[in-house]
Amino acid sequence: MAHSPASPRQGDSPWVFPSDFPIKIMGRNVDGFADAVAEVVLRHAPDFHPASMELRVSSGRNYLSCTCTVRAVSREQLDALYRELTAHPLVRVVL
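Rules and cut-offs
Residues numbered from 1 in each chain as written. Predicted model: local features only at pLDDT ≥ 70, side-chain atom pairs only at ≥ 80, totals over all residues. Heavy atoms only, no water. Helix = DSSP H or I, 4+ residues; strand = E, 2+ residues; numbered from the N terminus. Contact = heavy atoms within 4.5 Å. Polar contact = N/O pair within 3.5 Å; in protein donor to acceptor, adjacent residues only side chain to side chain. Expected span 1.5 Å × (residues − 1). Buried < 20%, exposed > 50% of the residue type's maximum accessible area, 1.4 Å probe, protein only. Arc of directions from axis to C-beta. Salt bridge = Lys/Arg side-chain N within 4 Å of Asp/Glu carboxyl O. Phe/Tyr/Trp six-rings, centres within 6.5 Å; stacked < 30°, edge-to-face > 60°. Lys NZ or Arg CZ within 6 Å of the ring centre and 35° of its normal.

### Here we look at the environment of H44
Assignment of secondary structure puts H44 in helix α1 (residues 33-44). If near-sequence neighbours (up to four positions away) are discounted, H44 is found in contact with Q77, A80, L81 and E84. Here E84 takes part through its side chain, which lies 2.6 Å from a polar atom of the side chain of H44.

Dropping the structure here:
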């Protein structure tokens, strides 16, 4: 009987760590938004370089998106980062 390739066990993450992981954070285009995002990201990924953050202003100039690529070392690290970002009062969406 032929053996099929091993399938991942239930609960296993499809991600491989460590890996570079982009996170997009969106909020109102207000003073301090990008700095607040960088501060949260740095708490969870101390090797993150805020100068590498990609910023995009919406066409109406009301919203700002920040893309931060972090060196993710675990699912727990990413979960904690997402939880803190989504709880921040200036943040509207985290993808």
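### What to know about unusual backbone geometry
Here the bond from F17 into P18 is cis, since omega is -5 degrees, no more than 30 degrees from zero. In this fold, P18 is placed in the segment before β1 (19-28).

### Looking at the environment of V41
The topology assignment puts V41 in helix α1. Taking C-alpha positions, V41 is 7.9 Å from C68, a pair spaced 27 residues apart along the chain.

### A look at helix α2 (residues 75-87)
Between its terminal C-alpha atoms α2 stretches 18 Å, which fits the 18 Å expected from 13 residues at 1.5 Å a residue. Residues of α2 that are buried: Q77, L78, L81 and L85. One face of α2 carries all of its buried residues, which in axial projection span an arc of 95 degrees. Exposed side chains of α2 directed beyond 90 degrees from the buried face belong to E76, R83 and A87.

### Observations regarding the pattern of salt bridges
All chains considered together, the criterion is met by five salt bridges. Measuring nitrogen to oxygen at the nearest pair gives 3.8 Å for the salt bridge that ties E54 to R56. The exposure class assigned to E54 is partly exposed, which follows from its relative accessible area of 40%. A cluster of three or more residues bridged by salt bridges with shared partners is formed by E39, R43 and E84.

### As for the environment of H88
Along the polypeptide, H88 turns up in the loop between α2 and β4 (91-94). As for H88 and G27, which are separated by 61 residues in sequence, their C-alpha atoms are 10.0 Å apart. Dropping the residues within four chain positions of it, H88 is found in contact with A36 and V40.

### Description of the packing of aromatic side chains
As enumerated under the stated definition, the model contains two aromatic pairs in all. Centre to centre, the rings of W15 and F21 are 5.4 Å apart; their planes meet at 70 degrees, and the pair counts as edge-to-face. Here F21 falls in the buried class, since its relative accessible area comes to 15%. Over the ring of Y63 we find R28; its NZ or CZ atom is 5.1 Å from the centre of that ring.

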